[in-house]
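A look at the structure
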Amino acid sequence: MGVIFELRQTGLRFGAFAALTAIDLKVMEGETLILLGPNGAGKTCVLKILAGLLPPSSGSVLRPGTEASPLRLGYCPQASAIWENLTITEQLALAAALYGVDKNRARKRGAALLEEYRLIGEERTLGRELSRGNRRKLNLVLSLVHEPDVLLLDEPEAELDAPSRAAIVQSLLRLSKRGTMTMVISTHHQQEAGQLASRIVELSSGRMVSCGEPDGIGP
Amino acid sequence: MSAHPNPHTPRPGCVAALFRATVRELVRERAFLVLTLIVAPLFILVYRLIFLQGMIVYRIGMVDAGTGGISALLSTRLSAQLEENPELSYSDGSSLFDLRTYPTREAGERAIRNRDIYVLVIPGAGQARVTLAGDFSDPYYLLASTALRAALEDAFAGLVGLSSPLKFETSALGFSGKKTPFENYVPGLIVVSSLAGIYLFSLALARERENLAGVRYRLAGLPVSALVAGKGAAFILLSSLSSLLAFASAYALGFGSPGGMAADLCAGLAFCVLCSVAVVGIAFAVAAFARNSFEALSLATFPFFLTVFFSGSVYPLPEFPLLTIAGAEIRLFDFLPSTHAVRGLRRTLTFGLAEAGPEAFLSLAVLALIAAICLIIGGQFYKRRVLEER
C-alpha cells in the first residue's frame, strides 16, 4: 500500500488561535481512516488541508499525484454543497462535466449512484425541494460521480436521524469493502467510527491524541 | 508530488455544461427573472405616459402692453414666424411653441414662477431691444430661448423693415428636430435593460457561494476563465433577451428612428451586448465580496445606481470634462460602461448610423475595452476571493 497523503508537523492558525498543532499523519492507499473527536477538535481543518482548500500555516502536506496523472479527489463537506435550482439529474451532469467525465459514462454512473443511494424517483426534484436526508445523500453522490481515488467526508451523517445515518454508514461500508477507494471520514460518533475504520485518528483541541486500529481506540 | 490535488485539465464540455446549468438556474429564479426582464420595458412605458402628448410644447410668453404698440405687432409677427418655420415644428407639423401674451412684465414673471411658461419675451421701450426672461435653473428655458432666438430676430427684422447684419438660423442636426422627448429617452432606457442584470447575476453567483456549491468548482480545479465564459454567456443571453423586449416595447409605444428597425436593432444589440459583458464582470466582482444573497443584493445597489444615473440613462446629465489626452476629452463618468453605451446608442438612434457612424463606432470600441477590463477585474476578484478562498 502506497502513501496517498502525508502531513508532516502540519499546523494551522487563524490569527492567535491554533486550530491544528504539529499533526503527523500518513493516509495509506485503500484504507478507511476515521478522524474522531468532539466539535472543535480540528477534524474539518485536517480534511480541508487534505482537499487543498486550506493551506497549512506550518509543516507540509505531501500528495503523490502527478500533473500527468493527478489524484481524483472527492470531497463531501459537512454542509450540503448542492445547486439549489438544479434537479438531481442536472446536478450530476454538471458535477461530471466539471471533472471532464464524458456524457455517456456520467449518465451510467449517475444512474448507478441514484439507485445505490435510493434517490430513484427524485431525479427531477430541485435541490431546494429535497428533504434533509436526500440533500445529504446528494451531497455524497456529487462527490462520487467522477469516481474519485480518494474520498474525504466531513461528518456525512451529521444532522440526520438514526435510520438515515444507518443508511449512509451502510453505503460507506459498501464503498470501503470494495477496497478501490481511499476514504478519510470525520465523525464524532464512536460506534460508527468502529464500524467503518481501518484506522482511527483521535483529535482533541487541534492535536493528535492517538492513532491506531479500531480495537485499540476508545474507552 | 503535486501542489494541488485537482490540477486543471482541459474539459471541453465544461463551459457548455456551465452555460446550460446557469440558464436553468436563472429561469428558475422566477421573481428576479421577471423583474430583470420587465424593468426596462416598464421604464419605457412610464416615460411614454409621462410624455403622453408626444411632444413638449415650449410655452413662451410675451409682454403686450397694449394694442397698436410694438409689442402687439411683434407678437403677431413672432406667432407667424413660429408657425411658418419648418425647423421649429415637429414631424407632424405642429409647432414647438405655444405663444401667450401677458399685459405686464409682472404678470409674465408670475407665470414663469408658476411654470406656466418657460421664457418671457419683453420688448424694450426703445424698440431695438428684446429681453428674454426666465428661470435659468429650468432646462426648458435654455432649450426654448435658443430655439426662439432665430424666430425672434426674423420677426423683429420684418417688423422694423431692417435686416440685421447678423442673421441667426436654427438648424436641427440629423433627425434631432423631429424627435419627441420620449424618443430622446429611449436609447438610455434600452441600456437600462442590460444594467438590470447586475442584481440577478450577482445574486445567482452569491447564492452558489452561500450554498457551498461553489466549493465544487474549487475542488474540480475549474479555471476562472471557464466559469466566467460558461456563466457569463448565460447572463449575456438573458440580458440580450431583456434588451430585445425593451426595443419591442419602445417600437410598440411609437418609437421611430432614422435608420429603420433592423439597423437600429443591430446597433442597439451591439451596444447592449457589450454593456452586459461589463455587467457580467461587475456581477463577478460583487459576488466576490458578498458572502450571501443579502450582501450581494446590498452591494449590487452601488454599481447599479452608479451606472444608471451617472451615465445619463434615465435623465440627461451635463458631462464634466476632466482632462484631454491626445485631443480626446476625458469626462468624469467616462469610466462607466453605460456612459458609452448610452452615448453611442443615442447618437445612432438620433442621427442615423450613416451620420453617427465614426462616433458610434468609437463609443462601441471604448465600451468593448471597458467591458473587457470589467470582465478581467471581476474574474480576478472572484478567483482570489472565492475560487482560492482561504
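Since we're looking at a predicted model, the values are computed, not measured. (Residues numbered from 1 in each chain as written. Chains lettered and ligands numbered in written order. Predicted model: local features only at pLDDT ≥ 70, side-chain atom pairs only at ≥ 80, totals over all residues.)

1. Re the overall build of chain A
Scanning chain A from terminus to terminus reveals six helices and nine strands. In terms of C-alpha radius of gyration, chain A reaches 17 Å, essentially the compact-globule figure of 17 Å for 219 residues. Considered along the principal axes of its C-alpha atoms, chain A spans approximately 45 × 40 × 35 Å. Scored against the burial criterion, the 219 residues of chain A give a buried share of 48%. Sequence separation of at least 24 residues holds for 70% of the intrachain contacts in chain A that already meet a minimum separation of 6. (Helix = DSSP H or I, 4+ residues; strand = E, 2+ residues; numbered from the N terminus. Rg over C-alpha atoms; globule rule 2.2 N^0.38 Å. Buried ≥ 20, exposed ≤ 12 C-beta atoms within 10 Å, placed from the backbone. Contact = placed C-beta atoms within 7 Å.)

2. Structural notes on the overall build of chain B
When its secondary structure is counted, chain B shows 13 helices and six strands. A buried classification covers 44% of the 390 residues belonging to chain B. Pairs at least 24 apart in sequence give 77% of the contacts found in chain B among residues at least 6 apart.

3. Considering helix α9 (residues 224-252) of chain B
Given a rise of 1.5 Å per residue, 29 residues ought to cover 42 Å, and the 41 Å separating the end C-alpha atoms of α9(B) matches this to within 8%. Directly beyond the C-terminal end of α9(B), a positive phi value near 105° is found at B:Gly254. (Expected span 1.5 Å × (residues − 1).)

4. Here's the deal with the environment of B:Ala213
With respect to the helices and strands, the residue B:Ala213 is situated in helix α8 (residues 213-219). Filtering out sequence-adjacent residues up to four positions away, B:Ala213 remains in contact with A:Ala81, A:Ile82, A:Trp83 and B:Glu208.

5. Description of the confidence of the model for chain B
The predicted structure's coordinates, where accompanied by low pLDDT, should not be read in detail. Residues and elements named next belong to chain B. In the predicted model, chain B carries a mean pLDDT of 82, and 85% of its residues have values of at least 70. Predicted confidence in chain B is weakest over helix α3 (residues 70-84), with a mean pLDDT of 70, and strongest over helix α1 (residues 14-28), with 94. Scored below 50 in pLDDT, residues 1-8 shows 28 contacts in the model against residues more than four places distant or in partner chains. Here the prediction assigns the complex a pTM of 0.80, and the interface score ipTM is 0.88. (pLDDT = per-residue confidence, 0-100.)

6. A closer look at the sheet that holds strand β9 (residues 207-212) of chain A
Residues and elements named next belong to chain A. What the six strands build is an open sheet, ordered β5-β6-β7-β3-β8-β9; its pairing is mixed. The outermost strands of the open sheet, each flanked by one partner alone, are β5 (73-76) and β9. Taking each pair of neighbouring strands and ignoring which way they run, the sheet shows an average axis angle of 15°. Sheet topology places strand β3 (residues 32-36) next to strand β7 (residues 182-187); five bridges connect them, and they run parallel. Directly across from Leu-35, in β7, lies its bridge partner Ser-186. (Pairing = 2+ DSSP bridges. Axes fitted to C-alpha atoms, helices over the stretch in contact; angles between N-to-C directions.)

7. Topic: the packing of α9(B) against helix α10 (residues 261-289) of chain B
All names here are of chain B. Packing of α9 against α10 brings their axes to within 8 Å, and their N-to-C directions diverge by 140°. With respect to each other, α9 and α10 are oriented oblique. For the pair α9 and α10, the crossing hand works out as right-handed. Along the contact surface, α9 presents Val-228, Gly-232, Phe-235, Ile-236, Ser-239, Ser-240, Ser-243, Phe-247 and Tyr-251, while α10 presents Met-261, Leu-265, Gly-268, Leu-269, Cys-272, Val-273, Ser-276, Val-277, Val-279, Val-280, Ala-283 and Phe-284. The residue inventory of the contact of α9 with α10, partitioned by class, reads 15 nonpolar, six polar and no charged. (Parallel < 35°, antiparallel > 145°, perpendicular 65-115°, else oblique. Left-handed = near helix turned anticlockwise from the far one by under 90°. Nonpolar A, V, L, I, M, F, W, Y, C, P; charged D, E, K, R; others polar.)

8. Let's talk about the packing of helix α2 (residues 30-50) of chain B against helix α7 (residues 197-210) of chain B
All names here are of chain B. Direction vectors running N to C along α2 and α7 enclose 155°, while the axes themselves pass 9 Å from each other. As the angle between them shows, α2 and α7 are arranged roughly antiparallel. Crossing angle aside, the handedness with which α2 passes α7 is left-handed. Within the contact between the two elements, α2 uses Phe-32, Leu-33 and Thr-36 and α7 uses Gly-197, Tyr-199, Leu-200 and Leu-203. Considering only residue class, the contact of α2 with α7 consists of five nonpolar, two polar and no charged.

9. Description of the sheet that holds strand β1 (residues 3-14) of chain A
Residues and elements named next belong to chain A. Strand order in this open sheet of three strands is β2-β1-β4, and the pairing throughout is antiparallel. Strands with a single pairing partner mark the edges of an open sheet, and in this sheet they are β2 (17-28) and β4 (58-62). Averaged over all pairs of adjacent strands, the angle between their axes in this sheet comes to 15°, without regard to strand direction.

10. Describing the pairing of strand β1 (residues 58-63) of chain B
Residue and element names in this part refer to chain B. Most of β1 sits inside the fold, with five of its six residues counted as buried. As paired strands, β1 and strand β2 (residues 97-102) are joined by six bridges and run parallel to one another. Across the sheet, Val-63 pairs through a bridge with Tyr-102, a residue of β2. With three bridges connecting them, β1 and strand β3 (residues 119-123) associate as parallel partners. In the strand pairing of β3, Met-62 is matched with Val-121.

11. Some remarks on unusual backbone geometry
All names here are of chain A. Positive phi, normally seen in glycine, also occurs at Glu-155, with a value near 45°. Among the structural elements, Glu-155 can be located in the loop between β6 (150-154) and α5 (162-178). Residue Glu-155 is classed as buried on the basis of its 22 C-beta neighbours within 10 Å. Even without being a glycine, Ser-205 presents a positive backbone phi close to 50°. Mapped onto the fold, Ser-205 is located in the loop between β8 (199-204) and β9. A residue is classified by how many C-beta atoms lie within 10 Å of it, and Ser-205, with 14 of them, is partly exposed.

12. So, the pairing of strand β6 (residues 328-331) of chain B
As paired strands, strand β5 (residues 321-325) of chain B and β6(B) are joined by four bridges and run antiparallel to one another. Its bridge partner being in β6(B), B:Thr324 is matched across the sheet by B:Glu329.

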